[in-house]
Amino acid sequence: MTTVAPTDTFSIGGDLPVHRLGYGAMQLPGPGVWGEPADPENARRVLRAAVEQGVDLIDTADSYGPVVSERLIAEALHPYPENLVIATKACLTRQGPGIWTPVGRPAYLKQQVELSLRTLRLERIDLIQLHRIDAEVPLADQLGAFKELQDEGKVRHIGVSEVSVAELEQARQIVDVVSVQNLYNLTNRQSQDVLDHATEHGIAFIPWFPIATGDLAAPDSPVADIARELDATPSQVALAWLLHTSPVVLPIPGTKSLEHLAENLGAAQVRLSDEDMARLGTLA
């Protein structure tokens, strides 16, 4: 069963074609993105269902759990379908639920990629992303660690997360940056300039927190009227808006629910008119 629109694709780095609506695995661990999920088998079912319904881009990180998200992906999906792209991240360390501390020392980053390779049961990571820039370590050293692994054949492509346009440009002078992952959604467009830059240069833009849970998913949300007109849900409209904003946008909504997974992936079938986009454009 495939629900993702088959023609709505983007090629990450020019050689990794994926459907533009992916799946984010951050919500799979326990509360605060810490520890084991209450129902590990349900988490594995959701992962398998995502792939069965056409998802071929899964976003995770070594710090989700930590390790838990990557391990669940391997348990649920290995051996992986040939076309599945697993993007992971390194740099953030965990000292407890909801606590995230960047450590960008090259030796640490290389260790974490090696551990991700082991946990995910991969010989090469298709997309490794610097989860945050560690202000205490030169950016060239942080990305240089990934470049060394890329040269060794352990990393295919390199991306960055939560960067400004200036930081993105700096990163692009160090390595070939194929993706940027920033907070961006219908009600929070603080990274609009980064999206514009990514669009101009054909860089994948992966918005995290794409639905703005609690603001847009509610029945009385600002998008409820348009959702009713289109026989869709507010969450679907929020995701469809992202897909319509730029051809480089790859939303990765996450969920622990099979029902919400199907709802989210149904957003690929929602078509917004220019009038709809204009109305939604006033909501930020």
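Residues numbered from 1 in each chain as written. Predicted model: local features only at pLDDT ≥ 70, side-chain atom pairs only at ≥ 80, totals over all residues. Heavy atoms only, no water.

(A) Representation of the packing of aromatic side chains in the model. Throughout the structure, instances matching the rule amount to 3 aromatic pairs. Centroid distance Tyr64 to Trp100: 6.2 Å. Interplanar angle 85°. Geometry classified as edge-to-face. With Tyr64 in the loop between strand 4 (57-59) and helix 2 (68-77) and Trp100 in the loop between strand 6 (92-93) and strand 7 (101-102), this pair connects stretches of sequence that are 36 residues apart. In this structure Tyr64 comes out as buried when scored by relative accessible area, which is 4%. Looking at Trp100, the relative accessible area reads 28%, which means it is partly exposed. Ring centres 5.8 Å apart and planes at 20° place the aromatic pair Tyr184 and Trp241 in the stacked group. Here Tyr184 is found in the loop between strand 10 (177-181) and helix 6 (192-201), whereas its partner Trp241 is found in helix 8 (residues 234-245), with 57 residues between them in sequence. Note on accessibility: Tyr184 and Trp241 belong to one class, buried. (Phe/Tyr/Trp six-rings, centres within 6.5 Å; stacked < 30°, edge-to-face > 60°. Helix = DSSP H or I, 4+ residues; strand = E, 2+ residues; numbered from the N terminus. Buried < 20%, exposed > 50% of the residue type's maximum accessible area, 1.4 Å probe, protein only.)

(B) Highlighting the pairing of strand 1 (residues 9-12). Burial along strand 1 is one-sided: the residues Phe10 and Ile12 are buried and none of Thr9 and Ser11 is. Bridge count for strand 1 against strand 2 (residues 16-19) is 4 bridges, and the pairing is antiparallel. When the sheet's bridge partners are listed, Ser11 is paired in strand 2 with Pro17. As consecutive antiparallel partners, strand 1 and strand 2 are separated by 3 residues, and within that stretch Gly13 has a phi angle of approximately 65°, a positive value. (Pairing = 2+ DSSP bridges.)

(C) Up close: the packing of helix 3 (residues 106-120) against helix 4 (residues 139-151). At a minimum axis separation of 8 Å, helix 3 and helix 4 run at an interaxial angle of 40°. Compared by their axis directions, helix 3 and helix 4 come out oblique. The handedness of the crossing between helix 3 and helix 4 comes out as right-handed. When helix 3 is examined against helix 4, the residues Pro106, Leu109, Lys110, Val113 and Glu114 are found in contact with a partner set consisting of Asp141, Gln142, Ala145, Phe146, Glu148 and Leu149. Looking at the contact of helix 3 with helix 4, its residues break down into 6 nonpolar, 1 polar and 4 charged. (Axes fitted to C-alpha atoms, helices over the stretch in contact; angles between N-to-C directions. Parallel < 35°, antiparallel > 145°, perpendicular 65-115°, else oblique. Left-handed = near helix turned anticlockwise from the far one by under 90°. Contact = heavy atoms within 4.5 Å. Nonpolar A, V, L, I, M, F, W, Y, C, P; charged D, E, K, R; others polar.)

(D) Just helix 1 (residues 40-52), in detail. Taking 1.5 Å of rise per residue, 13 residues should cover 18 Å, and helix 1 covers 19 Å from first to last C-alpha, within 8% of that figure. Inspection of helix 1 places Asn42, Ala43, Arg44, Val46, Leu47, Ala49 and Ala50 among the buried residues, and these make up the whole buried set. Just downstream of helix 1 lies Gly54, where phi reads positive at about 105°. (Expected span 1.5 Å × (residues − 1).)

(E) Region of the structure containing the sheet that holds strand 11 (residues 204-205). The strand order 3-4-5-8-9-10-11 describes an open sheet built from 7 strands, whose pairing is parallel. Of all the strands in the sheet, just strand 3 (23-24) and strand 11 have a single pairing partner and so form its edges. Across 3 bridges, the pairing between strand 4 and strand 5 (residues 85-90) is parallel. Directly across from Ile58, in strand 5, lies its bridge partner Ile86.

(F) Up close: the environment of Val46. Examined against the element boundaries, Val46 turns out to sit in helix 1. Residues Val46 and Ala262, spaced 216 residues apart in sequence, show a C-alpha to C-alpha distance of 9.8 Å.

(G) Representation of the side chain of Ser63 within the structure. Relative to the assigned elements, Ser63 resides in the loop between strand 4 and helix 2. Residue class for Ser63 comes out buried when judged on its relative accessible area of 1%. Leaving out residues up to four positions away in the same chain, Ser63 has contacts with Val33, Leu92, Arg94, Trp100 and His131.

(H) Spotlight on the pattern of salt bridges. Considering all chains together, one arrives at 18 salt bridges under this definition. Here Glu41 and Arg44 are joined by a salt bridge, their closest N and O atoms 3.1 Å apart. You can see Glu41 and its partner Arg44 sitting in helix 1, 3 residues apart, about one turn around the helix. Given the relative accessible area of 31%, Glu41 is considered partly exposed. According to the relative accessible area criterion, Arg44 is buried, its value standing at 18%. Residue Glu229 pairs with Arg279 through a salt bridge whose shortest N-O separation is 3.1 Å. A residue pair is termed long-range when its members are at least 10 positions apart, and Glu229 in helix 7 (residues 224-229) and Arg279 in helix 10 (residues 274-281) qualify at 50 residues. (Salt bridge = Lys/Arg side-chain N within 4 Å of Asp/Glu carboxyl O.)

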